[in-house]
Amino acid sequence: MPGAQIETKLWVWQRLSAAVLGVCVFVHLGMIIYAVQGGLNAAEIITRVSGNFLWFVFYAVFILAVAVHAPIGVRTILNEMTPLSPKATHLVMAVLCLVILVMGFRAVIGLYQAGAGL
Amino acid sequence: MSNTIKVSVWRGAKDGEYQTFDVPRQPSQTVLDVITYIQRHIDPTLSYRFACRVGVCGSCAMTVNGRPRWTCRTHVDKVATDGTLTVAPLRNLEVVKDLACDMTTFFEKMNRAEGKFHPTKTRDDDFAFIKPDDKKRKQAAAGIECIGCGVCYAACDIVDWNKDYLGPAALNRAWTLVNDERDGGNEIRLAAVAGDAGCHACHSQQGCVEHCPKHLSPTHAITGLKRETAKAAIKGLLGGGD
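Residues numbered from 1 in each chain as written. Chains lettered and ligands numbered in written order. Predicted model: local features only at pLDDT ≥ 70, side-chain atom pairs only at ≥ 80, totals over all residues.

Visitor: Just to check I follow, could you spell out the interface of chain A and chain B for this structure?
Guide: Interface size is commonly expressed as the accessible area that is lost once the parts come together. Chain A puts 13 residues into the contact, and the matching count from chain B is 19 residues. Counting only elements with at least two residues in the side of chain A that touches chain B, the list comes to helix 1 (4-37) and helix 3 (53-81) of chain A. Ranked by residues supplied to the side of chain A that touches chain B, first place goes to helix 1 of chain A with eight residues. Split into classes, the residues belonging to the side of chain A that touches chain B amount to six nonpolar, four polar and three charged. (Contact = placed C-beta atoms within 7 Å. Helix = DSSP H or I, 4+ residues; strand = E, 2+ residues; numbered from the N terminus. Nonpolar A, V, L, I, M, F, W, Y, C, P; charged D, E, K, R; others polar.)

Spelled out as structure tokens, the structure:
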């Protein structure tokens, strides 16, 4: 089948990134729910998280997983639901990946720098 | 039980209309009995397809009250709960006339999925000895009873919107061969079933599992193909110049 290799590899990447996202979302939401039980608000949580290298690594991994997972899924939806050509949906996937990476890392780096006093 | 049942039957091809017949009720009457009665006693021009009448050949599948079914093993009592029947040809296949569909695409897709045996031995070689409890043999046995009726194909929404999609039956057939120790065609088979018209198009909605008259699970087979194609892709065996 044409494109069997690339289609299957994209499927594998999406499943692997989904597994990473599952853990990330659990930790992210779990930490928020845990923290607000003690009365912390969003600003206070950010103050405690920012500047911490481990949280920086955690959210960097989170962003990488989103940047892999979401564009592949959007490409599949566009292939199934729109008349766009496979080349066009591939391009949309690549652009969306870049947008998520830039926006995501801008936020994560900003969060880290704020706490590190940079 | 009323003495007759009102049956609406599709007449025509792609364009057509339902025609209503009153058919005498009988004990243990099947939907195929009803259609056969209409053809033998009311309107001999009615076209439909059947052969064995006992759930072996897979040729009598039709849409009965909105669901694809094997009509020879579908009792009127079970499906005509409001005392009426609506019988149409299978979905997702071109209608030849009335209730008879052109199954060419369905069987071509079995070929496209490399649903044929690739022998690795000759008649001069010894038998292949595969234990009954062998894991791969069990996987193959789970899907081997497919009778090629096309019910799963008609029940599948992915086939409905993606005409290139191989469909549950072809992929189930491929999966039985992937697990056949005697077969040597897996490299081309896995390349044939991978991709957006193959196993990766399946959304696991399980319409095929819900409707399969043999209670097979093509979804399970497709999941297995996704796993095996993933291993093949990582090894770079799926070809295609990608």
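What follows picks up the thread again.
Visitor: Got a minute to help me understand the packing of helix 7 (residues 168-178) of chain B against helix 8 (residues 186-193) of chain B in this structure?
Guide: Packed helices, taken two at a time, are described by their axes: the angle between them and the distance between them. Residue and element names in this part refer to chain B. One can describe the packing of helix 7 onto helix 8 by two numbers: an axis separation of 11 Å at closest approach and a directional angle of 155°. Judged on the interaxial angle alone, helix 8 and helix 7 are roughly antiparallel. Seen along the crossing, helix 7 lies across helix 8 with a hand that is left-handed. Every residue of helix 8 that contacts helix 7 at Leu 171, Ala 174, Leu 177 and Val 178 is listed here: Asn 186, Arg 189 and Val 193. Split by residue class, the contact of helix 7 with helix 8 holds five nonpolar, one polar and one charged. (Axes fitted to C-alpha atoms, helices over the stretch in contact; angles between N-to-C directions. Parallel < 35°, antiparallel > 145°, perpendicular 65-115°, else oblique. Left-handed = near helix turned anticlockwise from the far one by under 90°.)

Visitor: Looking at this structure, I do not really get the sheet that holds strand 5 (residues 84-88) of chain B. What am I missing?
Guide: Within a sheet, neighbouring strands are paired by backbone hydrogen bonds and run either parallel or antiparallel to one another. All names here are of chain B. Spatially, 2-1-5-3-4 is the arrangement adopted by the five strands of the open sheet, whose pairing is mixed. Looking at strand neighbours, the two that pair on one side only are strand 2 (16-24) and strand 4 (67-70), the edges of this open sheet. Strand-to-strand twist of the sheet, defined as the mean angle between neighbouring strand axes without regard to direction, takes the value 35°. Seen against the sheet, helix 1 (residues 31-42) touches strand 1 (4-12), strand 2, strand 3 (61-64) and strand 5 and runs at an angle of roughly 95° to strand 2. (Pairing = 2+ DSSP bridges.)

Visitor: How should the domain arrangement of chain B be read in this particular structure?
Guide: All names here are of chain B. When cut into domains, chain B gives domain 1 (4-102) and domain 2 (104-234). At the interface, 16 residues of domain 1 touch 16 residues of domain 2. Breaking the side of domain 1 that touches domain 2 down by element, the ones donating at least two residues are strand 3 and strand 4. Ranked by residues supplied to the side of domain 1 that touches domain 2, first place goes to strand 4 with four residues. Residue classes in the side of domain 1 that touches domain 2 are distributed as seven nonpolar, four polar and five charged. (Domains from an automatic or database assignment.)

Visitor: Got a minute to help me understand the environment of Ile158(B) in this structure?
Guide: Residue and element names in this part refer to chain B. Checked against the element boundaries, Ile 158 lands in helix 6 (residues 157-161). Counting along the chain gives 147 residues from Ile 158 to Arg 11, while the straight-line C-alpha distance between them is 26 Å. Apart from the residues lying within four places of it in its own chain, the contact partners of Ile 158 are Tyr 165, Ala 201, Cys 202 and His 203.

Visitor: Help me out: how do you make sense of helix 3 (residues 104-112) of chain B in this one?
Guide: Note on helix geometry: an α-helix contains 3.6 residues per turn, so any two residues three or four positions apart are oriented the same way. Residue and element names in this part refer to chain B. Buried residues of helix 3: Phe 106, Lys 109 and Met 110, and no others. Down the axis of helix 3, the buried side of the element spans an arc of 105°, and every buried residue falls inside it. In helix 3, the exposed residues that point more than 90 degrees away from the buried face are Thr 104, Glu 108 and Asn 111. Check the buried side of helix 3 and you find it contacts helix 5 (151-155) and helix 7. Where helix 3 ends, the next residue or the one after it, Glu 114, has phi of about 55°, a positive value. (Buried ≥ 20, exposed ≤ 12 C-beta atoms within 10 Å, placed from the backbone. Arc of directions from axis to C-beta.)

Visitor: Teacher, can you tell me more about the pairing of strand 3 of chain B here?
Guide: In regular strands, side chains alternate between the two faces of the sheet. Residue and element names in this part refer to chain B. Residue alternation in strand 3 divides its side chains into two sets, Ala 61 and Thr 63 and Met 62 and Val 64, and both sets are buried. With four bridges connecting them, strand 3 and strand 4 associate as antiparallel partners. Bridging from a neighbouring strand, Met 62 pairs with Arg 69 of strand 4. Connecting strand 3 to the antiparallel partner strand 4 that follows it, the hairpin turn spans two residues, and Asn 65 within it adopts a positive phi of roughly 45°. Sheet topology places strand 3 next to strand 5; two bridges connect them, and they run antiparallel. Pairing of Val 64 across the sheet is with Val 87, part of strand 5.

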